[in-house]
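The chain contents come next:
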Amino acid sequence: DKRARAKLFEFIGKEDYQFGDITKEVETRRVEWMKGVLGEEAAANYEFGDLTKKALTSLTGKDEYEFGDVSKKIFGSLFGKRKRGGQ
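Please read these numbers as outputs of a predicted model, since none were measured by experiment.

Participant: Please clarify how the environment of Ala-43 should be interpreted in this entry.
Facilitator: Of note, Ala-43 is situated in helix H3 (residues 40-44). Using a relative accessible area of 16% as the deciding quantity, one classes Ala-43 as buried. As a C-alpha pair, Ala-43 and Glu-32 span 11 residues in sequence and 8.5 Å in three-dimensional space. When residues no more than four places from it in sequence are discounted, the contact partners of Ala-43 are Met-34, Lys-35 and Leu-38.

Participant: I tried to follow the side chain of Glu-25 on my own but got confused; where do I start?
Facilitator: Relative to the helices and strands, Glu-25 resides in helix H2 (residues 21-38). Setting aside residues no more than four positions away along its own chain, Glu-25 makes contact with Phe-11 and Ile-12.

Participant: Explain the pattern of salt bridges to me, please; I cannot follow it from the model alone.
Facilitator: It is possible for side chains bearing opposite charge to pair when their charged atoms get close. Scanning the model with the defined rule gives 7 salt bridges in all. Between Lys-7 and Glu-10 there is a salt bridge; the shortest N-O distance is 3.9 Å. Taken as a pair, Lys-7 and Glu-10 lie in helix H1 (residues 2-12) at a separation of 3 residues, close to a single helical turn. Lys-62 is paired through a salt bridge with Asp-69; the nearest N and O atoms lie 3.2 Å apart. When its relative accessible area of 32% is taken as the criterion, Lys-62 is described as partly exposed. In this structure Asp-69 comes out as buried when scored by relative accessible area, which is 6%. Through salt bridges that share partners, Glu-32, Lys-35 and Glu-40 make up one connected network.

Participant: Could you clarify how one ought to interpret a nonpolar patch on the surface in this entry?
Facilitator: Side chains of Leu-59, Ile-74, Phe-75, Leu-78 and Phe-79 sit close together on the surface and give an oily, nonpolar patch of about 500 Å² of accessible area. The dominant element in the nonpolar patch, judged by the number of residues it contributes, is helix H5 (residues 69-79), at 4 residues. Along the chain, Leu-59 turns up in helix H4 (residues 50-60). Residue class for Leu-59 comes out partly exposed when judged on its relative accessible area of 37%.

Rules used throughout
- Residues numbered from 1 in each chain as written.
- Predicted model: local features only at pLDDT ≥ 70, side-chain atom pairs only at ≥ 80, totals over all residues.
- Heavy atoms only, no water.
- Helix = DSSP H or I, 4+ residues; strand = E, 2+ residues; numbered from the N terminus.
- Buried < 20%, exposed > 50% of the residue type's maximum accessible area, 1.4 Å probe, protein only.
- Contact = heavy atoms within 4.5 Å.
- Salt bridge = Lys/Arg side-chain N within 4 Å of Asp/Glu carboxyl O.
- Patch = residues over 30% accessible without salt bridge, like charges linked within 9 Å, V, L, I, M, F, W, Y side chains within 5 Å.
- Areas by Shrake-Rupley, 256 points an atom, 1.4 Å probe, with all protein chains shown as cover.

In C-alpha cells:
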C-alpha cells in the first residue's frame, strides 16, 4: 500500500490526492506529448485523426491520402522498380 501511494504521489506530483488528479495528469502529459509530435500550434488545434493523417503523409510523401497510397509505397519500397531481363 505504501509503495502504491508513493508511486501515485510521484505520478501526480503532489502528496494530497483528490478525485480526478490522475485524469488531469494523464491529460497534461498527453498535451505535452502532442506538442512534441505535432508542434505547438497543431497540438492546440488537434482534432481526432490528426496523428493518423500526419503518419500517412509522412509515409506516402503526399499531402492528401488516396486509397491505395500506403500499399503502393510499401510494395514499392519492398520490391522497387525492376528491370526486365534480370538487369
